[in-house]
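# Results of the structural survey
As a plain string of letters, each chain reads:
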Amino acid sequence: MTATSPRPVRVRFAPSPTGSLHIGGLRTALYNWLFARHHDGVFVLRIEDTDQKRYDPQALRVLMESLRWAGLDWDEGPEVGGGYGPYVQSERLGLYQRWANWLVENGHAYPAYETPEELEQMRKEQEAGGGKRGYNRAHRDLMPDQRAAFEAEGRPKVIRLKMPLEGEMLVQDAIQGEVRFDYGVLQDMVLLKADGFPTYHLAHVVDDHFMAISHVIRAVEWLSSLPVHWQLWQAFGWEIPTYAHVPVMLNPNGKGKMSKRNPPRDAHGNIIPVLVHDYIAAGYLSEAAFNFLANNSWNFGDDQEVYTPQEAVARFDLTGINPTNAALQIDKLDWYNGVYIRRLDPLDLARRLRPFLESAGYEVNVDLLSALAPLLQPRLKRLSAEEVMAYAGFLFAEDFPPPPREVLLKGFKGDAATAGTALRSAGEALAGLAAFDAAQIEGVLRAAAEALGMKPKEFFSLLRNALTGQEVTPPLFDTLPLIGRDESLRRLAEAAAALAG
Ligand code: GLU
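Residues numbered from 1 in each chain as written. Predicted model: local features only at pLDDT ≥ 70, side-chain atom pairs only at ≥ 80, totals over all residues. Heavy atoms only, no water.

Attention now moves to the overall build of the protein. Within the protein, the regular secondary structure consists of 20 helices and 11 strands. For the protein, whose C-alpha radius of gyration is 32 Å, the value lies well above the compact-globule estimate of 23 Å for 501 residues. By its C-alpha atoms, the protein is 105 × 50 × 35 Å across when sized along the principal axes. Within the span of the protein, comprising 501 residues, buried residues form 51% of the whole. Long-range contacts, defined here as pairs at least 24 residues apart, represent 74% of the contacts in the protein between residues at least 6 apart. Put simply, the protein shows about 23200 Å² of open surface, and 52% of that area lies on carbon and sulfur atoms. Here the protein carries 52 positive and 64 negative side-chain charges, and the mean point of each set is 3 Å from the other. (Helix = DSSP H or I, 4+ residues; strand = E, 2+ residues; numbered from the N terminus. Rg over C-alpha atoms; globule rule 2.2 N^0.38 Å. Buried < 20%, exposed > 50% of the residue type's maximum accessible area, 1.4 Å probe, protein only. Contact = heavy atoms within 4.5 Å. Areas by Shrake-Rupley, 256 points an atom, 1.4 Å probe, with all protein chains shown as cover. Lys, Arg positive; Asp, Glu negative; His and termini not counted. Charge placed at Lys NZ, Arg CZ, Asp CG, Glu CD.)

Printed below as a string of structure tokens:
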């Protein structure tokens, strides 16, 4: 089968609910979604929960939240149903058992009865002997009476795939190109475990067949097991879907896959999120994440980096995915985030900022916030509590206390008495203004700086410290009218008093 296969396009994202979704997993889902939408096909969400030891009951909810956050809606799967369900593997156990038995009956697989102790013993001997590792195929050709004896003993059994002992296979991967494997180095993998649960190898082939999947777009980590899957497809005699192995997202330094156990750090030593829900919490816009992930290994063309999901859908093609593993460039994501924050309607931005202020216990004056939003828009990098509070908190604080001395004097070269005098002159200049607007405020403050013989920059930063307690804020002259004249004068006077004390 090739990408030009006439089959109707049906793809699936098949996460294992073992924890929160990895950012690389979201990118795999995104490529599946783009492919399905481009071909007017179907995007299936299938839950691969056959590893009972690693099952996390919270995972499914978080996973669906993460997909929906990114705008990746599924046409079939949990919560939406569909004609090929159930879409949760633990609800399909009978099917896997039936087909595992079919493989045994048709000579493609066999039961193996080794106990865990025997397998451990075999492993130790291999280690000591330095020979070939892995299952030694001891039960591949058991005589019927030996099998019957093991059965009679009541030994637990697994079912293993009979791999060809030699030869090679050649596959055309839609992203990786031609891949070749030597059968001789491969093992007889377990298909069905002693507890009756299938392994990934068996379950995904059975499901992809019965769910009529046309293209398997999955992480490149699975490429090395492809011969096992290929062998299974051939044994069943089913139509093989096109395989497309998506490159891995590497740490920002280009070394190793991003892992939540050992999270990468940025140039300032801050942790770079690995899980989608941490990106959400860090204040990334879903629009930015979508564009960033699409662009991480896929090329839109025309040197265009900013595009909407609809534009991406129109152009998406598996051959546009670069097979080389790509490092996550967090600066690039920050850049995208800024682009999308600036594209928001200011009222929409205000709406998104409000919950942060409210959770910090502030009563939000909506008009004030709407007036502030356009000032913040060019400056905000992320919509996180930390950033929103830093830029906007000072405006909503009910009793804004004078900032501590060291904050007031930050960046000020003179002594506290000089600073106090400067703050008082600013207050006097502002008190006499006819209209409290940005242009007039700037005029009188520049004049005041000159009269004091101070550099405007130093004077303004002193005022900013006193009025906001923050080093970086929206422009001072625009901010003052939002704080209001009376409140500004109060803050300046209190700060001057604090410096005198
Ligand atoms: N459950 C597998 C995983 O989470 C799915 C791989 C696939 O897409 O087939 O890695």
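Attention now moves to the site of the ligand. The environment of the ligand is made up of Arg12, Ala14, Pro15, Ser16, Glu48, Tyr200, Arg218 and Trp222. Trp222 has a polar side-chain atom sitting 3.1 Å from an oxygen atom of the ligand. Across the complex, the protein chains shield 79% of the 300 Å² of accessible surface that the ligand would expose by itself. Here the residues of the shell around the ligand are counted per class, giving four nonpolar, one polar and three charged. (Near = heavy atom within 4 Å. Polar contact = N/O pair within 3.5 Å; in protein donor to acceptor, adjacent residues only side chain to side chain. Nonpolar A, V, L, I, M, F, W, Y, C, P; charged D, E, K, R; others polar.)

Here we come to helix α6 (residues 200–210). Of all 11 residues in α6, nine are buried, a share of seventy percent or more. Packing partners of the buried residues in α6 comprise β1 (10–13), α3 (93–105), β7 (190–192), β8 (215–219), α7 (226–236) and β9 (242–246). Positioned one or two residues after α6, Ala212 has a phi angle of 55°, which is positive.

Let us look at the pattern of salt bridges. Here the structure, examined in full by the defined rule, presents 33 salt bridges. Between Arg123 and Glu127 there is a salt bridge; the shortest N-O distance is 2.9 Å. Note that Arg123 and Glu127 are positioned in helix α4 (residues 116–129) at a spacing of four residues, about one turn of the helix. By relative accessible area, Arg123 is classed as partly exposed at 39%. Among the residues examined, Glu127 registers a relative accessible area of 43% and is labelled partly exposed. A salt bridge links Asp334 to Arg382; the nearest nitrogen and oxygen atoms lie 3.4 Å apart. Placement of Asp334 in helix α11 (residues 330–343) and of Arg382 in the loop between α13 (366–376) and α14 (385–396) is noted, with a sequence separation of 48 residues between them. Via salt bridges that share partners, Arg12, Arg46, Glu48, Arg92, Asp207 and Asp208 belong to a single interconnected network. (Salt bridge = Lys/Arg side-chain N within 4 Å of Asp/Glu carboxyl O.)

Below, the discussion takes up the nonpolar core. Membership of the largest hydrophobic core comes to 112 residues, with the highest contact counts inside it found for Leu34, Leu67, Leu445, Phe459 and Leu463. The residues touching Leu67, leaving out its near neighbours within four places in the chain, are Phe13, Leu21, Leu26, Ala29, Leu45, Leu72 and Trp74. In terms of nonpolar packing, the next biggest core, distinct from the first, is built from 42 residues, Tyr87, Leu186, Val206 and Val216 among them. (Core = buried A, V, L, I, M, F, W, Y, C linked by side-chain atoms within 4.5 Å.)

Okay, the sheet that holds β7 next. Reading across from one edge, β3-β4-β7 is the order of the three strands in this open sheet, with antiparallel pairing throughout. Where the open sheet ends on each side, the last strands, each with one partner, are β3 (109–112) and β7. Neighbour to neighbour, the strand axes of the sheet diverge by 45° on average, direction disregarded. As judged from the two bridges shared by strand β4 (residues 158–161) and β7, these two strands associate in the antiparallel manner. The residue of β7 that forms the bridge with Ile159 is Leu192. α3 contacts β3, β4 and β7 of the sheet and is inclined by roughly 105° relative to β3. (Pairing = 2+ DSSP bridges. Axes fitted to C-alpha atoms, helices over the stretch in contact; angles between N-to-C directions.)

Quick look at the packing of helix α1 (residues 23–38) against helix α9 (residues 286–297) now. What describes two packed helices is the angle between their axes and the distance between those same axes. Their axes nearest at 10 Å, the elements α1 and α9 cross at an angle of 85°. By the angle between their directions, the pair α1 and α9 is classed as roughly perpendicular. Residues Ile23, Leu26, Arg27, Leu30, Tyr31, Trp33 and Leu34 of α1 touch α9, and the partners they reach there are Phe290, Leu293, Ala294, Asn296 and Ser297. Grouping the amino acids of the contact of α1 with α9 by side-chain chemistry returns nine nonpolar, two polar and one charged. (Parallel < 35°, antiparallel > 145°, perpendicular 65-115°, else oblique.)

The next point concerns the environment of Ala59. Following the sequence through the fold, Ala59 ends up in helix α2 (residues 59–69). Ala59 gets classed as buried once you look at its relative accessible area, which sits at 1%. Here the alpha-carbon distance between Ala59 and Ser16, two residues 43 residues apart in the chain, equals 8.6 Å. With residues near it in sequence (within four places) discarded, Ala59 still touches Pro17, Thr18 and Gly19.

Let us look at the pairing of β1. Both faces of β1 are covered, namely the face carrying Arg10 and Arg12 and the face carrying Val11 and Phe13. Across four bridges, the pairing between β1 and strand β2 (residues 42–45) is parallel. Bridge pairing in β2 places Arg12 opposite Val44. In this fold, β1 hands off to α1, which returns the chain to β2; that crossover is right-handed. (Right-handed = clockwise from strand over helix to strand, strands pointing away.)

Where helix α17 (residues 438–452) contacts helix α18 (residues 456–468), the two axes come as close as 9 Å, and the packing angle between them is 115°. As for how α17 packs across α18, the hand of that crossing is right-handed. When α17 is examined against α18, the residues Leu445, Arg446, Ala448, Ala449 and Leu452 are found in contact with a partner set consisting of Pro456, Phe459, Phe460 and Leu463. Residue composition of the contact of α17 with α18, grouped by class: eight nonpolar, no polar and one charged. (Left-handed = near helix turned anticlockwise from the far one by under 90°.)

Geometric values such as these leave the question of function open.
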